[in-house]
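Structure assessment
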Amino acid sequence: MSDQSPKTTHFGFTDIPESEKAGRVRGVFGSVASKYDVMNDAMSFGIHRIWKDAMMDWLAPRPGSKLLDVAGGTGDVSFRFLKRAGSGHATVLDLTEPMLIAGRQRAEADAMADQLDWVVGDAMALPFKDNSFDVYTISFGIRNVTRPQEALNEAYRVLRPGGRLMVLEFSQIPNDMMQKVYDLYSFNIIPKMGKLIANDADSYQYLVESIRKFPDQDTFLSMVRAAGFENAKYRNLSMGIACLHSGWKI
Ligand SMILES: C[S@@+](CC[C@H](N)C(=O)[O-])C[C@H]1O[C@@H](n2cnc3c(N)ncnc32)[C@H](O)[C@@H]1O
C-alpha cells in the first residue's frame, strides 16, 4: 500500500506540508519587502555588502555576459554584476513580486534599466530554455526554496556549457563557541530588530531559524555536484557565517 500522507518540509523550526512552503515564504518576503534593504544593513552591520562583493571577486563578471539572478529580490547581486562586467544583461527572478517592485524603485535599477529584466517565478521551475545563461547566481535565496536540489538541477539546465553557478548562503560555523555567540545574537536580537524596523518579528524569526536548518558546507557541496556541476568548491566567509559555493557546467 502506498503512503498517502503529504510530504513535509521545514519552515524554520516548524514542519509543514511541502505544498504550503512557497506561499509561506512569499508571505514573509511580501511583508518585509519595503524594509528589506534597510533591515539587511542593520542586522548584518553592512557585512552582507562585503559578502556580495566577495561573490563578485570570485565570479569576476566578464563584459557582455548574461546573468540569471534567482531569488534576486531587490537586485543587489544583479546591480553589482552589471557594474563589474561593464556591459551585459541581468534577469532578476523572484517568487515574491513586492521584492522585485522594491528593486525596480532603486536608483540603480533606473540607471541600468536597459540591461535588466524582472521576472516573477520559482527557482524550481524556471521559465527559460535550456542553455540560456552564462552565469547563475542565487544569494540568500536557496535556503527558502522548498526543494533546493531541484533548484540546483534547474540552474544546471538553464546554464550554457561553460556556464558558472555561484551560491551565496548562510552556513554553519565550525566552532561551537562562536556558534553559541552567533545564536545568542541571531535568536535574541534579529527578531527584535525586525519588529522595530519592519514591524514584523515573526518573519525575522523564520529567517534565523531557516539558517540553522540549512545544510552545512560539505553537504551542500555534494548537492551542487549531484546537479552535475564540475570543479565545485566553496569558500567560507566570516568564519562560516556565510559561504560561497561555485560550480561549472562543463
Ligand atoms: C533573503 S532574500 C535575498 C534577496 C537577494 N538575493 C539578496 O541577496 O539580497 C530571499 C529571496 O528569495 C526569494 N525566494 C524564496 N523562494 C524562492 C523560490 N522558490 N524561487 C524564487 N525566489 C524565491 C524570496 O522571495 C526573497 O526575495
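Residues numbered from 1 in each chain as written. Predicted model: local features only at pLDDT ≥ 70, side-chain atom pairs only at ≥ 80, totals over all residues. Heavy atoms only, no water.

With respect to the nonpolar core
Generally speaking, a soluble globular protein has its nonpolar side chains buried in company with each other. Stated formally: By convention a nonpolar core is built from buried Ala, Val, Leu, Ile, Met, Phe, Trp, Tyr and Cys residues, the set being connected through side-chain atoms within 4.5 Å. Exposure classes here rest on a 1.4 Å probe applied to the protein chains alone. A residue is buried below 20% of its type maximum, exposed above 50%, and partly exposed in between. Numbering of helices and strands starts at the N terminus; helices are DSSP runs of H or I of at least 4 residues and strands are runs of E of at least 2. For every domain, the bounds stem from an assignment made automatically or drawn from a database. Contact criterion: two residues are considered in contact whenever any of their non-hydrogen atoms come within 4.5 Å of each other.
Counting residues in each nonpolar core, the largest one holds 30 residues, and the members touching the most others are Trp51, Phe81, Leu116 and Leu168. Of all elements in the fold, only helix H3 (47–59), helix H4 (76–85), strand E4 (88–94), strand E5 (116–120), strand E7 (159–170) and strand E9 (242–248) reach the threshold of two or more residues within this core. When residues of this core are assigned to domains, at least three map to each of domain 1 (45–171 + 216–248) and domain 2 (172–213). Discounting residues that sit within four places of it in the chain, Leu116 has contacts with Ser78, Phe79, Leu82, His89, Ala90, Val92 and Ala109. The next biggest cluster of nonpolar side chains, apart from the first, holds 27 residues, and it includes Phe214, Phe220, Val224 and Ala232.

Some details on the side chain of Asn40
Looking at the secondary structure, you find Asn40 in helix H2 (residues 36–44). You can call Asn40 buried: its relative accessible area is 8%.

Things to note about the domain arrangement of the chain
Heads up, the condition is: Accessible area that two parts lose when put together, with a 1.4 Å probe and added across both, is what the buried area reports. Salt-bridge detection follows one rule: a side-chain nitrogen of Lys or Arg within 4 Å of a carboxyl oxygen of Asp or Glu. Side-chain atoms alone can form a polar contact between residues adjacent in sequence; in general such a contact is a pair of N or O atoms within 3.5 Å, and within protein one must be able to donate a hydrogen while the other accepts it. Each residue is assigned to one class: nonpolar for Ala, Val, Leu, Ile, Met, Phe, Trp, Tyr, Cys and Pro, charged for Asp, Glu, Lys and Arg, and polar for all the others, Gly among them.
On domain assignment, one finds that the chain holds domain 1 (45–171 + 216–248) and domain 2 (172–213). Computed over C-alpha atoms only, the centres of domain 1 and domain 2 are separated by 23 Å. With both sides pooled, the region where domain 1 packs onto domain 2 buries about 920 Å², and carbon together with sulfur makes up 60% of that total. Of all residues in domain 1, Arg143, Met239 and Ile241 bury the most surface against domain 2, accounting for 45% of the area lost on that side. On the surface where domain 1 and domain 2 come into contact, there are zero salt bridges. Taken together, the links from domain 1 to domain 2 amount to three residue pairs in polar contact (both at pLDDT 80 or more). Residue classes in the side of domain 1 that touches domain 2 are distributed as four nonpolar, four polar and two charged.

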